[in-house]
Amino acid sequence: MDEALSVPHVHATGEPGGMTVWTLSGDWRAAALPDWPQRPAAAGLRLRAEALQGWDARLAARLWGLLRDGGSPAVVLDDSLPEGLRAVIAQAGALAAADPAAAASPQPAVWWRGLERLGRRVLDGHGQFAVSLGFVGQTLLALARVPGGGSGLRGRDLVWQVEQTGPRSLPIVSLVSVLVGMILAYMGAEQLRRFGAQVFIADLVTIGSVREIAALMMAILLAGRVGAAFAAELASMNASEEIDALRTLGLDPVEHLVLPRLLALLLVAPLLTVYAALLGMIGGWVVAVGVHGVDSFQYLQRAGEALTPAHLGIGLFKGTLYAGLVGLAGCRQGLNAQRSAEGVGRAVTASVVQAIVWVVVAASVTTIVFQRLGW
């Protein structure tokens, strides 16, 4: 038998939702009892004992004393806990079944346990893909808790992030969108001039900006400005152990740090996409009217005819999708950064690269899918 495992030990960790986990390990019959972690708050306590090699009445009495006091949280028992200890805790009256809400809907607990095991298996894998997949899963679970009011998301954090990601991104989005619209008009006009069809510059610029270019350029700009900022902020918090402090307090970092940033990007993305498309059309108008002599009214008429609800809807969908990928990449790199100044720098660089790669892949896939569907 491994001597390291024979030493009794209680390991305290946290899990999403604020639940505290106590893992009992070693042989509790032949040694003095170790120091116990601080009793968690009312969010709940889960007891596990996969590595428990033996126990006696001393362990049972200790658990009784800890859980029988007033103000104890609801206790969820893992299947690995011995039947004798389960009976002791049940007599202490601290079972989660005593909670009417939990007793009325036991199915979510089973659902949560299955997702937890799946996520643990994914995170135990090797490679960055496993880490990214696990982070996306945690974020989706946190998002699912927002409508029911079970999330730790704070409104003032969301408002602050909306102000940081939206209005403060307007100057760079304005400049780049106008210039890209002008470039698109110049390139298209050189080809259309051969057929005397310069008036169709409006169709080219309008459809290209609204459907593809505005969302793509907006996402790349957000990756360099907002995604990098997310990664730097979270990586610095990780290096200074602020994220560990949140977990110690029973707070989920995904709910308190990731959700406000991700939701802010999802909220401002459609507005930024429309704004970038509009400025791109204005840039095309400058080239068409000022350089190629297209009548201004005719340009606006052709642009209005080319702008259909289908093109606008696809552009808004792509812009929102790209912004969500930028937010996920920045937060993922920040939360998993190394705890050093070099780690912060690497996280910022990796967040920009990963966001751009995700956006380009998503743009390719969505373009092919929409074209195949005839949209």
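Scroll up a little and you will see the structure.
Rules used in this analysis
- Numbering of residues begins from 1 in every chain and follows the order in which that chain's sequence is written.
- Reporting in this predicted model follows two pLDDT cut-offs: at least 70 for local features of residues, and 80 or more for side-chain atom pairs to be given and counted; totals over whole chains, interfaces and linings ignore these cut-offs and use all residues.
- Based on all heavy atoms of the structure, the side-chain values leave hydrogens and waters out of the count.
- Like charges are joined within 9 Å and nonpolar side chains (Val, Leu, Ile, Met, Phe, Trp, Tyr) within 5 Å, but only among residues with over 30% relative accessible area and no salt bridge; these make up the patches.
- Here, Shrake-Rupley sampling with a 1.4 Å probe gives the accessible areas, and only protein chains in the shown set may cover a residue.
- Whenever a carboxyl oxygen of Asp or Glu lies within 4 Å of a side-chain nitrogen of Lys or Arg, that contact is scored as a salt bridge.
- Every helix listed is a DSSP run of H or I at least four residues long, and every strand listed is a run of E at least two residues long, numbered separately from the N terminus.
- Only protein chains enter the accessibility calculation, which uses a 1.4 Å probe; a residue whose area is less than 20% of its type maximum is buried, one above 50% is exposed, and one in between is partly exposed.
- A pair of strands is treated as paired once DSSP finds two or more bridges between them.
- The set of buried Ala, Val, Leu, Ile, Met, Phe, Trp, Tyr and Cys residues whose side-chain atoms join them within 4.5 Å is what this entry labels a nonpolar core.
- The criterion used for residue contact is that any of the two residues' heavy atoms lie within 4.5 Å.

Some details on a nonpolar patch on the surface
Among the surface-exposed residues, Val 353, Val 357, Val 361, Val 365, Val 369, Leu 373 and Trp 375 lie close enough to one another that they form a single nonpolar patch of about 640 Å² accessible area. Tracing the chain through its elements places Leu 373 in the segment after helix 14 (341-372).

Concerning the pairing of strand 2 (residues 20-27)
In terms of burial, strand 2 is largely enclosed, as 8 of its 8 residues are buried. By the bridge criterion, 6 bridges tie strand 1 (residues 9-14) to strand 2 in an arrangement that is antiparallel. The residue of strand 2 that forms the bridge with Val 10 is Leu 24. Looking at chain direction, strand 2 and strand 3 (residues 45-54) are connected through 7 bridges and run parallel. Opposite Val 21, over in strand 3, you have Arg 46 as the bridge partner.

Re the nonpolar core
One finds Leu 222, Leu 265, Tyr 322 and Val 326 to be the most contacted residues of the largest nonpolar core, which totals 34 residues. Secondary structure elements with two or more residues in this core: helix 6 (128-145), helix 9 (201-239), helix 10 (242-248), helix 11 (253-290), helix 13 (309-335) and helix 14. For Leu 265, the contacting residues outside a window of four places in its chain are Thr 165, Leu 222, Val 226, Phe 230, Ala 323, Val 326 and Gly 327. Counting residues in each nonpolar core, the second largest holds 20 residues, with Val 199, Val 210, Leu 221 and Val 287 among its members.

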